[in-house]
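This is what each chain is made of:
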Amino acid sequence: MKKRIIRVIAVAVVVAAVVFAVLWQRSHQGGNTGGELKLYGTMDIRDADLAFTEEERIAAVLVEEGDRVKAGQVLARLNTERIEAQIREAKARIAAQQEVVQKLRAGSRPQEIEEARAQVTAATAELQNAEVNRQRIKKTSGTGATSDQLLDNANSRLAVAQANLDESKSALALALEGPRKEDIAAAENTLEALKGSLAFLNVRLSDTTLAAPADGIVQNRILEPGEMAGPAKPVLTLALTDPKWARVYVSEPDLGRISSGMKAKIHSDSYPGKTVDGWIGFISPTAEFTPKAVETEELRTKLVYEVRVFAKDPDNMLRLGMPVTVTLEE
């Protein structure tokens, strides 16, 4: 009888030990087995290093570290004297070229055409006079009254008069026809090139103003007025307040309990009793070992998956690097 009782007790102890071992293993493998799921991590915020595209000295920095800024707000300015001088020069060149184009498009003026016709008339009269003089000398040279040299000179003057007449007629034809289409097109293209240069200078002028790309908080003021700025030298570092998320980690057994879009509550020890609403926006497709910076109730050697829980934090309670606890309700 005693042996049977001992056997029953022994079996009961073994069963209890097995049940306890199974429960302990499940609790340590699955973390949370039902209802509420807690995840641990830190707050993460994107930041942006803001730099000028122009290389010039800084004229003014308009914000301080810790200032909240809005998208489009001017944060800093460069010296603009050089670019403004180049813009004035470009505008003068454009004005001059516009006059050239207008002149070519208008063609020859009536006064220029009349002048060309008068030159043709004068050249014609000169040619006629040269011909009459030649004929006179030719008649007398046959009788020996004049020398052959005088006849040769008359022939030369006649040829020159004929050339002058031909040149005058060509000038009149050009005046009547006006500028060539190719010349007008070349002048117009030159004008467009000058306008393009002015547009580029205006872009460069706008680049001398540094504006916030989005709402955020100024983290670092790196350069000061008087220092040389450039594309490789950030002036300010801006912490972007939207989006803001908690970087947490979930163990593999709990992976099936979460999904994208699931609502969450974010807790911080800095604000006891207060929570921030959020939702799961990203679940990593690959596993990794639990980072040392994350305090969880699981063993650190277990594989986990990164999860980003985006936060609705209009009061800006959650700061970069702040440890948080995320609670998920299934």
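Before going into details, it helps to say that this report is about the structure given with it. (Residues numbered from 1 in each chain as written. Predicted model: local features only at pLDDT ≥ 70, side-chain atom pairs only at ≥ 80, totals over all residues. Heavy atoms only, no water.)

Regarding its fold elements, the protein chain presents five helices and twelve strands. Counting across all 330 residues of the protein chain, residues that qualify as buried make up 32%. On the protein chain, roughly 20800 Å² of surface is accessible, and the fraction owed to carbon and sulfur atoms is 54%. (Helix = DSSP H or I, 4+ residues; strand = E, 2+ residues; numbered from the N terminus. Buried < 20%, exposed > 50% of the residue type's maximum accessible area, 1.4 Å probe, protein only. Areas by Shrake-Rupley, 256 points an atom, 1.4 Å probe, with all protein chains shown as cover.)

It is worth spelling out the sheet that holds strand β5 (residues 209-211) at this point. Judged by pairing direction, the sheet is antiparallel, and its four strands sit side by side in the order β5-β4-β2-β7 without closing on themselves. Each of the sheet's edge strands pairs with one partner strand only, and the pair in question is β5 and β7 (228-229). Where strand β4 (residues 74-78) and β5 come together, three bridges link them in antiparallel fashion. Across the sheet, residue Arg 77 finds its bridge partner in β5, namely Thr 209. (Pairing = 2+ DSSP bridges.)

A word on the nonpolar core. One finds Ala 246, Ile 266, Val 309, Leu 318, Val 326 and Leu 328 to be the most contacted residues of the largest nonpolar core, which totals 22 residues. Of all the secondary-structure elements, those providing two or more residues to this core are β1 (36-50), β8 (236-251), β9 (263-267), β10 (275-289), β11 (303-311) and β12 (323-329). Here this core gets four residues from one element, more than from any other, and that element is β11. Ignoring sequence-local partners within four residues, the contact set of Leu 318 consists of Met 43, Lys 244, Ile 266, Ser 268, Val 276, Ala 311, Asp 313 and Val 324. Residues Leu 50, Ile 58, Leu 210 and Val 235 belong to the second largest nonpolar core, which totals 19 residues. (Core = buried A, V, L, I, M, F, W, Y, C linked by side-chain atoms within 4.5 Å. Contact = heavy atoms within 4.5 Å.)

The two faces of a sheet get side chains in turn, since along a regular strand they alternate between them. Most of β11 is tucked away, with seven of its nine residues classed as buried. Bridge analysis of β8 against β11 gives seven bridges, and the strand direction is antiparallel. For Ala 246, the partnering residue across the bridge sits in β11 and is Val 309.

Let us now look at the pattern of salt bridges. This model, assessed by the stated rule, comprises eleven salt bridges. Salt-bridge contacts for Asp 44 lead to Arg 247; the nearest nitrogen and oxygen are separated by 2.1 Å. Here Arg 247 lies in strand β8 and Asp 44 lies in strand β1, a separation of 203 residues in the sequence. On the accessibility criterion, Asp 44 (17% relative accessible area) is buried. Take Arg 247: its relative accessible area is 22%, and that puts it in the partly exposed class. One network of salt bridges, with partners in common, ties together Asp 44, Arg 247, Glu 306 and Arg 308. (Salt bridge = Lys/Arg side-chain N within 4 Å of Asp/Glu carboxyl O.)

Where strand β2 (residues 56-61) and β7 come together, two bridges link them in antiparallel fashion. When the bridges of β7 are listed, Glu 56 appears paired with Ala 229. Pairing between β2 and β4: three bridges, direction antiparallel. Bridging from a neighbouring strand, Ala 60 pairs with Arg 77 of β4.

Compared with an ideal rise of 1.5 Å per residue, which puts 26 residues at 38 Å, helix α5 (residues 181-206) spans 38 Å between its outermost C-alpha atoms and is within 8% of the ideal. Residues of α5 that are buried include every one of Ile 184, Ala 187, Leu 191, Leu 198 and Leu 201, and no others. (Expected span 1.5 Å × (residues − 1).)

A few words now on the environment of Pro 285. Of note, Pro 285 is situated in strand β10. Pro 285 sits in the exposed class, given a relative accessible area of 70%. Put simply, Pro 285 and Tyr 305 are 20 residues apart on the chain and 7.5 Å apart in space, counted from C-alpha to C-alpha.

This brings us to the packing of aromatic side chains. Scanning the model with the defined rule gives two aromatic pairs in all. When the ring of Trp 245 is compared with that of Phe 310, the centres are 5.7 Å apart and the planes differ by 55°; the resulting orientation is tilted. Taken as a pair, Trp 245 in strand β8 and Phe 310 in strand β11 lie far apart in primary sequence, 65 residues in all. Across the pair, Phe 310 and Trp 245 agree in class, each one buried. The ring centre of Phe 282 lies 4.8 Å from the NZ or CZ of Arg 308, which sits over that ring. (Phe/Tyr/Trp six-rings, centres within 6.5 Å; stacked < 30°, edge-to-face > 60°. Lys NZ or Arg CZ within 6 Å of the ring centre and 35° of its normal.)

Moving on: the side chain of Asp 313. Within the secondary structure, Asp 313 sits in the loop between β11 and β12. When its relative accessible area of 15% is taken as the criterion, Asp 313 is described as buried. A polar side-chain atom of Asp 313 sits 3.0 Å from a polar atom in the side chain of Lys 244. A distance of 3.0 Å separates the side chain of Asp 313 from the backbone nitrogen of Met 317, its partner in a polar contact. If we ignore the near neighbours within four places in the chain, the residues touching Asp 313 are Lys 244, Val 276 and Leu 318. (Polar contact = N/O pair within 3.5 Å; in protein donor to acceptor, adjacent residues only side chain to side chain.)

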